[in-house]
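Descriptive analysis of the structure
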Amino acid sequence: MRYLPHTSEDIESMLDIIGHKTLDNLFDTIPENLRTKDGITLPDSLSEWDLNAHMEMLAKKNYAANPYTCFMGAGSYDHYIPAIVPYLISRSEFMTAYTPYQPEISQGTLQGIYEFQTMITHLLGMDIATASHYDGGTALAEAALISLRNHKTASTVAVSRLTHPHHRHIIKTYLRPTRFKIIEIPYNTDGTTDLKALGKMDDLAGICIQSPNFFGHIEDLERIRHIATAKEAMMVTSFTEALAYGLLKSPGSFGTDIAAGEGQSLGISQSFGGPGLGLLAGTTKQMRNLPGRLVGKTTDTKGRRGYVLTLATREQHIRREKASSNICSNNGLCAMTAGIYLATLGKIGIRKIAQLNHDKAAYLKAALTRSGFTPVFDSPFFNEFVMKVPENFRKKRTDLLKNKHMLAGIALEPFYPELENHYLFCATETVSKEHMDRLAMEVQK
Amino acid sequence: MKELSEYNLPEDIKYTKDHEWAKSANDVVTIGINDYAQDQLGEIVFVELPDVGTVFSKGDEFGTVESVKAVSEIYIPISGEVIQINEALDNAPELVNQSCYDAGWLIKITPSDSSQMDSLLNKAAYMDMLKG
Amino acid sequence: MEQPGIGGLKFNEPEIWEKSRKGRCAISLPKPDVQESLLDTALTADAPDLPQLSELDVVRHYTRLSQWNYGVDSGLYPLGSCTMKYNPKTNEVQAGRKGFAQAHPLCDDQFSQGSLELMYALEAFLAQITGFDAVTVQPAAGAHGELTGMLMIHRYHEKNGKQRSKIIIPDTAHGTNPASASLCGYDSVKVSSGPNGILEPCAIEAVMDEDTAGIMITNPNTLGLFETHVREICDIVHSKGGLVYGDGANMNAIMGIVKPGKIGMDVLHLNLHKTFSTPHGGGGPGAGPVAVNKILEPFLPVPRIIKESDTYKFISDLPDTIGRMHTFYGHFGVLVRAYSYILSMGAHGLCDVSKLAVLNANYIKERLKKTLNLPYDLPCMHECVFNDEKQLPVTTLDMAKRLLDYGYHPPTIYFPLVVKGAFMVEPTETESKDSLDQFIEALETIAKEAMDTPVLLKSAPHIAKVSRLDEVTAARKPCLKG
């Protein structure tokens, strides 16, 4: 097998040095009754060529194998990825390297992640960003835990019902064995979080609001900041569409204490939901509370600029049972990818792409309205919006995917039972006017 | 790391088995970590201290001292209320390495029971404990 | 023997914003074909201050950065407990197939059959390899898998009517173990390994009671030794109603030899980025699937995948589930690579992997033990632990830094904590005898240098881009952004 270099001569001479007759002798210390009698049963090994054929066949069973137009977001976004991004990230010095615990030979990863941290602080308007987490949902759960641990008395965190349903579920899962509680903030008829209801909640350690929210609308972060301050609760702003902040005022500009969200939009392919990129950023005050790896700048013995993982004493390998999180791996390669993507976009590109996202979504909303769908919520949105559709749309949507290669929105009812026949649509820079006109026409048929 | 005989352990103060020291003067007790502790930890990078006003019982954890590769909890030698913390350590945690009994003090407390000082170790007893 | 570490043309490269020039943009902007729709200026702000670069600026910057790094493709990476084996390139081709890479996770099941079939099959493969009944591939990393497993144990005790407050953790455990236990509210009860470096049943018996939720055990342990009393230990824990969590980070040593699910463990996590060849990526993304027996199956995270005749479906209506660990289904892209690896190796191949991994580690152990102190001179599994006792005052750290000059990534240092000055070597099965011989010779030379010219080690590394870095100032005055 091409990954196993040992020849029979090699094995023989190595066994000789060790003092064994056969490879099986290497396991003599394992008690007989612990050894498996029947080995493992797996399909016969495939050659590289047969593997290609098999995987091609499997991949073809996904609709994405063929060209299609994506009008769906809900936490995973179709964006153009410039050729240089996969090209650069595939360099094996990035891809096959370990965590940079030996900084002298990991300056590539370390400087790259330091630059990523910096760019994320600019994107989110925060003081510090970590070297990344698994995804937006787990980053948000960590943020909720920070707010709960920090508070001297309160043990409840308020989470908007318009936070991504799966993110809310993760928070619930993480909090279950603890003494902490979650209270859900309802939403308004304009598609934003009901801040009046929030105002009536007391004894909160943290307030978690997603903006743009799951329905696509931009929340009133200024007002939320006032409420959080008045209630002495930590303000946590989450997001699923990182590109929104190429256009919108950043969470940091409103005084958010912790920003936590999903960075998949930053040059990372959708890949059926993972790996993505968890972004976590805080104020300087939070520095020692933020879990996860952090890269810091320093100098070497000759005074030259260099980078190291720092503040490691927060982490599990030192803190062990007292660590505030158990996180070990981050999503390093995805963070590097996002860094390369943000550098490629630059200040000009990110604004233009973000604006284009909104333009396309606005156009699509108007086009679908003309086709007979009903816009549901009034307030400003970024690149997603909710429409009420006729009864027959459900069947039509399946047909559109099967035969016209258009993924037309996602039904909200499974997440919000009160919203029957409501669909969440998305338009990014990848959908053309032609595509949108075609969709608008098809849904009328 | 130093040898046992090289540690600086002043005669006129008390020690704990967790390597803290306590010095009483005019009803105020100053507390810190001793030369052995700072030497074991190595270069100290951060000191976490409690808020002024916090009340602790003897043996409670009152803060942490961090080096690059380790964190050490610090335990209060006697019960009392924190009346002052060494704010200089914010910017210069290395003071604990350089001068652990002087500029590198950690907290000052008003003891709730001064007699607790008597049950702390003197230098000889502390050194015995280290050797054993 | 020529050693790989020599000098070379090295490039300096500033921080990326220093190359920024107003007006440059490296992305090809799509042509706008719809009208601009302006949001209220109260909602928008000036664009974030990202650098403005040409495409070549970006390419050159990251190319140069990559050249300062060292990957498995560059050379031997003998990191104990990390299993830095070769990452097959065909796996990248498979993960990059459009049908996978461009799939939206919320697309209807019927249009995602490729993904579902792959995940279902992978779950079955991992169940088979580990000897368990059911698997979830949702956890995004080993530590995430540990949390998943501990949450399931927690839920199990809750359902049983009595929550427990403690978990037994051996002194050789990886830091993620007690951290994961803490997140579930469990206090860690530490037990010391015996004089032979493995756990002794009496030590477990002494602490196991009906307030202990169970034990977290790594087998082979982090000293590279097989926990021969594992069955007895599992029985002791079970007898008091506790469960056994297996940390499967070291699975590379026992595939086809031992099935953890059949020797008493109730739950086990795997690290796909270790045993199953997916790339480490400079710190991730990995994946940490969790395998469970029938007792814990009801508590697995949702959604799960079922097969009805020839169709695969996600189901979430499972009353005892712990809930959701990841926004979607885990690191699917990583799963594709592991799946491809397993198909490429087959059962015989995976058994060979373990045999050769253990062969390589024992070979290094035998050849190096005259040079470096071996605290436990016993047959090891896929890794072995030395320390710096023979070289003091030259330390493990000094030897590690000097290895960089010879062109090697150092082994894991100062872990496990039970060995002072630990130097843990895991070569993996993808290294040839020649590669090992070269490494052994380098270490022998370094050991001699430690005696004759220790200053060479104390001031190492000399040929890396930077020399030793000031980690103290980095922690005292953190500078986390530019």
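Residues numbered from 1 in each chain as written. Chains lettered and ligands numbered in written order. Predicted model: local features only at pLDDT ≥ 70, side-chain atom pairs only at ≥ 80, totals over all residues.

Now for the overall build of chain B. A tally of regular secondary structure across chain B gives 3 helices and 9 strands. Element order for chain B, N to C, with α for helix and β for strand: β-β-β-α-β-β-β-β-β-α-β-α. Across its three principal axes, chain B shows a C-alpha extent of roughly 35 × 35 × 20 Å. Counting across all 132 residues of chain B, residues that qualify as buried make up 35%. Put simply, of all contacts in chain B between residues at least 6 apart along the chain, 63% involve residues at least 24 apart. (Helix = DSSP H or I, 4+ residues; strand = E, 2+ residues; numbered from the N terminus. Buried ≥ 20, exposed ≤ 12 C-beta atoms within 10 Å, placed from the backbone. Contact = placed C-beta atoms within 7 Å.)

A tally of helices and strands in chain A yields 13 helices and 15 strands. Counting only C-alpha atoms and orienting by the principal axes, one finds that chain A spans roughly 80 × 55 × 50 Å. Here chain A holds 445 residues, and 61% of them are scored as buried. Pairs at least 24 residues apart make up 72% of the contacts formed inside chain A by residues separated by at least 6 positions.

Now for the nonpolar core. Judged by nonpolar contacts, the single largest core of 331 residues is most densely connected at Phe71(A), Ala144(A), Ile207(A), Phe425(A), Ile215(C), Val267(C) and Leu335(C). In terms of residue count, the dominant contributor to this core is helix H9 (residues 332-368) of chain C (21 residues). When near neighbours in sequence (up to four residues on either side) are disregarded, Phe425(A) contacts Phe71(A), Leu364(A), Leu368(A), Glu384(A), Phe385(A), Met387(A) and Gly409(A). (Core = buried A, V, L, I, M, F, W, Y, C linked by C-beta atoms within 7 Å.)

Residues and elements named next belong to chain A. You can read the domains of chain A as domain 1 (63-81 + 346-442) and domain 2 (84-341). The distance between the C-alpha centroids of domain 1 and domain 2 comes to 27 Å. Elements with a contribution of two residues or more to the side of domain 1 that touches domain 2: helix H11 (332-370) and strand E12 (384-388). For the side of domain 1 that touches domain 2, the element with the most residues is H11, which contributes 7 residues. (Domains from an automatic or database assignment.)

Mean pLDDT over chain B works out to 93, with 100% of the residues at or above the 70 mark. Here the predicted complex scores 0.96 on pTM and 0.97 on ipTM. (pLDDT = per-residue confidence, 0-100.)

One face of the sheet, then the other: side chains in a regular strand alternate in exactly this way. Residue and element names in this part refer to chain A. Counting buried positions along strand E10 (residues 305-309) gives 4 out of 5 residues, so the element sits mostly inside the fold. Alignment of strand E9 (residues 295-299) against E10, held across 5 bridges, turns out to be antiparallel. Paired with Thr 298 across the two strands is Gly 306, which belongs to E10. (Pairing = 2+ DSSP bridges.)

Of the residues lining the interface, 164 residues belong to chain A; the matching set on chain C comes to 168 residues. With 23 residues, the single largest contributor to the side of chain A that touches chain C is H11(A). Taken together, the residues of the side of chain A that touches chain C break down into 76 nonpolar, 59 polar and 29 charged. (Nonpolar A, V, L, I, M, F, W, Y, C, P; charged D, E, K, R; others polar.)

Quick look at the pairing of strand E6 (residues 234-239) of chain A now. Residues and elements named next belong to chain A. Here E6 lies mainly inside the structure; 6 of its 6 residues are buried. With burial as the criterion, each face of E6 is covered, one bearing Met 234, Val 236 and Ser 238 and the other bearing Met 235, Thr 237 and Phe 239. Handedness of the crossover is the feature at issue here: the chain leaves strand E5 (residues 204-210), passes through helix H9 (residues 221-230), returns alongside E6, and the resulting connection is right-handed. Of the strand pairs in this sheet, E6 and strand E7 (residues 258-262) are connected by 4 bridges, and their pairing is parallel. Bridging from a neighbouring strand, Val 236 pairs with Ile 258 of E7. (Right-handed = clockwise from strand over helix to strand, strands pointing away.)

All names here are of chain B. The 3 strands are arranged E4-E6-E7 in an open sheet whose pairing can be described as antiparallel. The open sheet is flanked by strand E4 (44-48) and strand E7 (71-75), the only strands paired with a single partner. The mean angle between the axes of side-by-side strands here comes to 20 degrees, regardless of whether they run parallel or antiparallel. Inspection of the sheet shows E4 paired to strand E6 (residues 61-67) by 4 bridges, in the antiparallel sense. Pairing of Phe 46 across the sheet is with Glu 66, part of E6. (Axes fitted to C-alpha atoms, helices over the stretch in contact; angles between N-to-C directions.)

All right, on to H9(C) then. Residues that lie three or four places apart on an α-helix share one face, since the helix turns once every 3.6 residues. Residue and element names in this part refer to chain C. Here H9 is 37 residues long, yet its end C-alpha atoms lie only 40 Å apart, well below the 54 Å a rise of 1.5 Å per residue gives. Its maximal kink placed at Gly 346, H9 deviates by approximately 95 degrees. Of all 37 residues in H9, 32 are buried; the element is thus mostly enclosed. (Expected span 1.5 Å × (residues − 1). Bend = angle between axes of the 7 residues up to and from the residue.)

Size of an interface: often given as the accessible area lost when the parts come together. In this assembly, 4 residues from chain C lie in contact with 5 residues from chain B. Taken together, the residues of the side of chain C that touches chain B sort by class into 2 nonpolar, no polar and 2 charged.

Here we come to unusual backbone geometry. With omega at -5 degrees, the peptide bond leading from Ser211(A) into Pro212(A) counts as cis. Along the chain, Pro212(A) falls in the loop between E5 and H9. Here the residue pair Gly284(C) and Pro285(C) is connected by a cis peptide bond, since its omega of 0 degrees sits within 30 degrees of zero. Position of Pro285(C) among the secondary structure elements: in the loop between strand E6 (267-269) and strand E7 (290-292). If you check the backbone angles, Thr428(C) has positive phi at about 75 degrees while not being a glycine. Here Thr428(C) shows up in the loop between strand E12 (423-425) and helix H11 (433-452).

All names here are of chain C. Here we have 7 strands laid out as an open sheet, ordered E1-E7-E6-E5-E4-E2-E3, and mixed in their pairing. Either end of the sheet is taken by a strand with one partner, and the two such strands are strand E1 (134-136) and strand E3 (187-191). Neighbouring strand axes in the sheet, compared pairwise and without regard to direction, differ in orientation by 25 degrees on average. Running at roughly 175 degrees to strand E2 (residues 166-170), helix H6 (residues 176-183) makes contact with E2, E3, strand E4 (212-218) and strand E5 (243-247) of the sheet. Across the sheet, helix H8 (residues 230-239) lies against E4 and E5, angled at about 165 degrees from E4, the strand it touches most.

The next point concerns the packing of helix H4 (residues 113-130) of chain C against H9(C). Residues and elements named next belong to chain C. The N-to-C vectors of H4 and H9 enclose an angle of 45 degrees; their axes lie 10 Å apart at closest approach. Taken together, the axis directions place H4 and H9 in an arrangement best described as oblique. In this structure, the crossing between H4 and H9 has a hand that is left-handed. Contacts from Ser 115, Leu 118, Met 119, Ala 121, Leu 122, Phe 125 and Ile 129 of H4 reach H9 at Phe 332, Leu 335, Val 336, Ala 338, Tyr 339, Ile 342 and Leu 350. For the contact of H4 with H9, the class distribution of residues is 13 nonpolar, 1 polar and no charged. (Parallel < 35°, antiparallel > 145°, perpendicular 65-115°, else oblique. Left-handed = near helix turned anticlockwise from the far one by under 90°.)

On to the packing of helix H5 (residues 142-159) of chain C against H6(C). Geometrically, a packed helix pair is captured by the angle between its two axes and the distance between the axes. All names here are of chain C. Relative orientation of the contacting elements H5 and H6 amounts to 40 degrees, with a least axis distance of 9 Å. As judged from the angle between their axes, H5 and H6 are oblique. The chirality of how H5 crosses H6 is right-handed. Between H5, through Gly 142, Ala 143, Glu 146, Leu 147 and Met 150, and H6, the contact on the second element is made entirely by Thr 176, Asn 177, Ser 180, Ala 181 and Leu 183. Of the residues assigned to the contact of H5 with H6, the class counts are 5 nonpolar, 4 polar and 1 charged.

Counting through the fold element by element, Thr54(B) comes out in the loop between E4 and strand E5 (55-56). With 21 residues separating them along the chain, Thr54(B) and Tyr75(B) place their C-alpha atoms 14 Å apart.

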